[in-house]
Amino acid sequence: MKITFLGHASLHIEVGDFSLIVDPFISANEKANHINLEDLKADFILLTHAHQDHILDVESIAQRTEAIIISNYEIVSHYQAKGFQGHPMNHGGEWDFDFGRLKYVNAIHTSSFPDGSYGGQPGGFVIEGEHKTIYIAGDTALTHDLKLIPMRLSLDLAILPIGDNFTMGIEDAIIASDFIECDKILGYHYDTFGYIEIDHDEAKRKFFEKNKDLMLLEIGESLEL
Ligand code: NI
Ligand code: MN
């Protein structure tokens, strides 16, 4: 599995021959202006919730690639009504896709489209593919529900928001990593806006002091599992 950070909460994930894009917010992110949207392969687009900073580039990517949009029922219905392909899920549900098994899990946040219309309940994803299991938290607070994940799934990597203000911050993300029983964390949802700027060295040090590894990728940089 190859995971590329596209800035903010946007990810490109290669699982075998399949390409997944998660929460594309690229064209309006000045920090990601070296990422060319047109170059991104996508067979599936995974959306954690309907906020603008997670769905901005969905339609342009889906139009070009005919990717299948996977999210909660309300978000997928929204895109299906516009003629896009989708696969609706809801919390607790799992499905075997061509790329692997996917579970839509709980997140504590909100979810409305930019026009204020209902975007269902926000979530995160657990992806099992190529004998690896990763958790993408989406925008979430620290919540006891995180403890449910390792009861059945053993994580190789967790992607957690760490920017604070709109989601959990560093201290809560450290507790979250205990809850999910995963010490290998890729941070995201930081630095994009003034509200969520973080001190990278301090963040890494705080995880290190708890014997955990916080990775922060440059935009466009990848890691492989
Ligand atoms: Ni959000
Ligand atoms: Mn967000």
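Please read these numbers as outputs of a predicted model, since none were measured by experiment.

Below, the discussion takes up the sheet that holds strand E11 (residues 157–161). Pairing within the open sheet is mixed, and its 7 strands lie in the order E7-E8-E9-E10-E11-E12-E13. Bordering the open sheet on either side are strand E7 (94–97) and strand E13 (213–215), each of which pairs with just one other strand. Neighbour-to-neighbour, the strand axes of the sheet open up by a mean angle of 20 degrees, direction not taken into account. Bridge analysis of strand E10 (residues 132–136) against E11 gives 3 bridges, and the strand direction is parallel. Opposite isoleucine 134, over in E11, you have leucine 157 as the bridge partner.

Where a metal carries four tetrahedral donors, each ideal angle is 109.5 degrees; where it carries six octahedral donors, the ideal angles are 90 or 180 degrees. For the nickel ion (ligand 1), every protein donor is listed as His49 (NE2), His51 (ND1), His109 (NE2) and Asp139 (OD), and the spread of their distances is 2.2 to 2.4 Å. The site at the nickel ion (ligand 1) holds 4 donor atoms, and with the angles between them running 85 to 177 degrees, its shape is irregular. Within one chain, the residues serving as donors to the nickel ion (ligand 1) are arranged as H-x1-H-x57-H-x29-D. Separating the nickel ion (ligand 1) from the manganese ion (ligand 2) is a gap of 3.1 Å, bridged by aspartate 139, which donates to each. Of this pair, histidine 49 sits in the loop between strand E4 (44–46) and helix H1 (52–55) while aspartate 139 is found in the loop between E10 and helix H4 (149–152), placing the two residues 90 residues apart along the sequence. Taken individually, histidine 49 and aspartate 139 each receive the classification buried, so the pair is uniform in this respect.

The rules behind each value
- Residues numbered from 1 in each chain as written.
- Chains lettered and ligands numbered in written order.
- Predicted model: local features only at pLDDT ≥ 70, side-chain atom pairs only at ≥ 80, totals over all residues.
- Heavy atoms only, no water.
- Pairing = 2+ DSSP bridges.
- Helix = DSSP H or I, 4+ residues; strand = E, 2+ residues; numbered from the N terminus.
- Axes fitted to C-alpha atoms, helices over the stretch in contact; angles between N-to-C directions.
- Donors = N, O, S within 2.8 Å, 3.2 Å for Na, K, Ca; no water.
- Tetrahedral: all angles 85-135°; square planar, octahedral: opposite > 155°, others 65-115°.
- Buried < 20%, exposed > 50% of the residue type's maximum accessible area, 1.4 Å probe, protein only.

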